[in-house]
Amino acid sequence: MALKAWARRAVAQAGLPRWLHRALPADRLTIVMYHAVVREPLPVADWCFIEEAAFRDQLDYLARHFEVLFLSEAVERLRSGRLRRPTAAITFDDGFQNNCDVAWPALRERGLPATVFLVTGLIGTQDTVWYCRFNSALARARGTSLDWDGTRYDLSGPAARAVAGAALQARLKALPHPRLLAALDAIVRELGLDPQEPMGEESPYRMLSPEAIARMAASGLVEFGAHTHSHAILARLPSVERDIEIDRSLAAVAQLTGRPCRLFAYPNGSAEDYDAAAVQALAERGVEAAVTTRGGPNGRATPALELRRYGVGASVEPADFRFAVHHWSRAARA
């Protein structure tokens, strides 16, 4: 395994993924997905939180080898057949304050545009996305184990807590949103903490403020889209609740930015997390592009409301990043 990883790194460093990219049709759009960018690692690692140094290295790579566009512009060029060179769009899900404090300065220095998808019900509050509240509690729990729903999870150290956190997040995601939130509250209480504890100003889990959104939008380098109002997975909602989640988030983004919202990101975003009814609901509301978390290149035949993205998180090695953005990863062939 170590030899295979070394070989992959050597191949990526030699630039083979970039050369192989030339063998693909020119109209293949790369969309990368981030969540949070932090200056220091979290006490308990979470895939969604990438360190600033790695993020800056990835931006440098994209700036050297791609034309980086707003998602809206990239999709318009893709649809009209005007992609002539490797093109990428940078996106962020959820809307963390560190998108403004840490990621935005790095983007500004390089003149790179980005698209941020907002969980609008959390903007300007001291609340955060459910998985962040869970990670925060997991990091501060005093016990060495947790019993939940018939399973005991090892909490004896940071690495064990990270493993437990990933396993529990996967189980919680499978629940309807109200049950997920109730289970999360119970788990946090079991860990000896307050499930409603506010996220402080210095918390890496804090969400964007309306003022930060206004500054970023005014810069001309950041556009915004909707990511539902509460981060509920659309395919698990009754149709009335699904439409409310979409409507409230589209309206809130328009109010925050002063512009109609035409972009959307599906929470969780796998093929099981949205359905044809959700796609139709977005189309009826004038949404022009919607992104999933399904990996792969986007061509002219890719549905505009089911665009593919390469997820980039804390465990993504430089070689894996290069293979992915040039469409030679496993995700690209799935």
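Residues numbered from 1 in each chain as written. Predicted model: local features only at pLDDT ≥ 70, side-chain atom pairs only at ≥ 80, totals over all residues. Heavy atoms only, no water.

A. The arrangement of the layout of surface pockets in detail. Space inside the second largest pocket adds up to approximately 410 Å³. Contributing to the lining of the second largest pocket are 24 residues, with D46, W47, C48, Q169 and K173 lying nearest its centre. Counting residues per element, the ones that place at least two in the lining of the second largest pocket are β5 (87-94), α6 (130-140) and α7 (158-173). Residues that form the lining of the second largest pocket fall into these classes: 11 nonpolar, eight polar and five charged. (1 Å grid on protein atoms, 1.4 Å probe; cavity = no way out; pocket = protein on both sides within 12 Å on 5 of 7 lines; lining within 4 Å. Points joined across faces, edges and corners; volume = space filled by probe spheres on them. Helix = DSSP H or I, 4+ residues; strand = E, 2+ residues; numbered from the N terminus. Nonpolar A, V, L, I, M, F, W, Y, C, P; charged D, E, K, R; others polar.)

B. Empty space enclosed by the protein, seen in detail. Under the criterion given, the structure shown has two cavities of 30 Å³ or more. A volume near 100 Å³ is recorded for the largest cavity. Forming the boundary of the largest cavity are W130, K173, L175, H177, L180, H231, I233, R236, L237 and N268. Looking at side-chain class alone, the lining of the largest cavity contains five nonpolar, three polar and two charged residues. Counted as a void, the second largest cavity has a volume near 30 Å³. For the second largest cavity, the full set of lining residues is R133, S136, A137, R140, V188, D194, E197 and M199. Element by element, the count of residues in the lining of the second largest cavity is highest for α6, at four residues. Here the lining of the second largest cavity is built from residues that sort into three nonpolar, one polar and four charged.

C. Geometry of the packing of α6 against helix α8 (residues 177-190). α8 packs onto α6 with a crossing angle of 10° between their chain directions and a minimal axis gap of 10 Å. With respect to α8, the element α6 is oriented roughly parallel. Two secondary-structure elements touch here, α6 through W130, R133, F134 and A137 and α8 through L180, L181, L184, I187 and V188. The class makeup of the residues in the contact of α6 with α8 is eight nonpolar, no polar and one charged. (Axes fitted to C-alpha atoms, helices over the stretch in contact; angles between N-to-C directions. Parallel < 35°, antiparallel > 145°, perpendicular 65-115°, else oblique. Contact = heavy atoms within 4.5 Å.)

D. Highlighting the pairing of strand β9 (residues 222-226). Most of β9 sits out of view: five of its five residues are buried. Residue alternation in β9 divides its side chains into two sets, V222, F224 and A226 and E223 and G225, and both sets are buried. Bridge analysis of strand β6 (residues 114-118) against β9 gives five bridges, and the strand direction is parallel. Within β9, the residue paired with T115 across the bridge is E223. (Buried < 20%, exposed > 50% of the residue type's maximum accessible area, 1.4 Å probe, protein only. Pairing = 2+ DSSP bridges.)

E. Examining the confidence of the model for the protein chain more closely. On average, residues of the protein chain score 92 in pLDDT, and 90% of them are at 70 or above. Segment residues 330-334: pLDDT under 50, and 10 contacts once partners within four positions in sequence are set aside and those in other chains are kept. (pLDDT = per-residue confidence, 0-100.)

F. Here's a closer look at the packing of aromatic side chains. Counted under the stated rule, the structure contains nine aromatic pairs. Between W130 and Y131, the aromatic rings sit 6.1 Å apart at their centres with planes inclined by 85°, giving edge-to-face as the arrangement. Judged on exposure class, the residue W130 and its partner Y131 are both buried. Ring pairs connect the aromatic residues Y34, F55 and F92, which therefore count as one cluster. Its guanidinium or amino end placed over the ring of W104, R108 lies 4.4 Å from that ring's centre, counting from NZ or CZ. (Phe/Tyr/Trp six-rings, centres within 6.5 Å; stacked < 30°, edge-to-face > 60°. Lys NZ or Arg CZ within 6 Å of the ring centre and 35° of its normal.)

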